[in-house]
Amino acid sequence: LANNRGCAVVFTTDQTYRGWSFAATLSESDAGNGDLFGHAVSMPNSSTIVVSSPKDNYGSVTDGGSVYVFTGAGSNWTETQKIKYTGSVNQDEFGSFNTSLATTQKDIFVGGEPQAANTEKVIRYRI
């Protein structure tokens, strides 16, 4: 989207060869210029999509990064949670492409750029 806010696009299929169809565009509810929402995406099950926003700012933290959880199906998706690391410092960029985002049925793992004041490399969240 405009000004590097970003988005994630959902496609669905009826499992026929090349039968993919546009279903929805996901965006963060508190989108800001330069957030890069959609930098990394993971889908732990058929009704949950987790999307990173590595340049998201919150409080006094610049580019701390966060991830958003969407639930739904087909063309109906709802943002249900925003996850941010409370110990984040400037430029942690949790969820950027080089630090990654991964999910299991029960967990979200999101990496950040290690900073001098914050040596954590991967944060785990329970879904």
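Asks: For the sheet that holds strand S5 (residues 66–73), give the residues involved together with the corresponding values.
Replies: The four strands lie next to each other as S3-S4-S5-S6, forming an open sheet whose pairing is antiparallel. Strands at the two margins of the open sheet, each flanked by one partner only, are strand S3 (41–45) and strand S6 (76–83). Looking at each pair of strands side by side, their axes are set apart by 25 degrees on average, direction ignored. Taken together, the three bridges between S3 and strand S4 (residues 48–53) define a ladder with antiparallel strand orientation. By the bridge assignment, Val 41 is partnered in S4 with Val 51.

Asks: An account of the sheet that holds strand S9 (residues 122–126) is needed here, citing residue identities and associated values.
Replies: Strand order across the open sheet formed by three strands is S7-S8-S9, with antiparallel pairing between neighbours. At either end of the open sheet lies a strand with only one pairing partner, and these are strand S7 (101–103) and S9. Ignoring strand direction, the axes of neighbouring strands in this sheet form an average angle of 15 degrees. Sheet topology note: the S7/strand S8 (residues 107–111) ladder contains three bridges and is antiparallel. Bridge pairing links Thr 103 to Ile 108 in S8.

Asks: Describe in detail the pattern of salt bridges, supporting the description with residues and values.
Replies: Summed over the entire model, instances satisfying the criterion amount to six salt bridges. A salt bridge links Lys 55 to Asp 63, with the shortest nitrogen-to-oxygen separation between them at 3.8 Å. Across the pair Asp 107 and Arg 126 runs a salt bridge, and its minimum N-O distance is 2.9 Å. Remark: Arg 126 occurs in strand S9 and Asp 107 occurs in strand S8; sequence separation between them is 19 residues. What makes Arg 126 exposed here is its relative accessible area of 52%. A single network of salt bridges, built from pairs that share partners, joins Asp 30, Asp 56 and Lys 82.

What counts and how
Residues numbered from 1 in each chain as written. Predicted model: local features only at pLDDT ≥ 70, side-chain atom pairs only at ≥ 80, totals over all residues. Heavy atoms only, no water. Pairing = 2+ DSSP bridges. Helix = DSSP H or I, 4+ residues; strand = E, 2+ residues; numbered from the N terminus. Axes fitted to C-alpha atoms, helices over the stretch in contact; angles between N-to-C directions. Salt bridge = Lys/Arg side-chain N within 4 Å of Asp/Glu carboxyl O. Buried < 20%, exposed > 50% of the residue type's maximum accessible area, 1.4 Å probe, protein only.

Worth remembering: the numbers are spatial, not functional.
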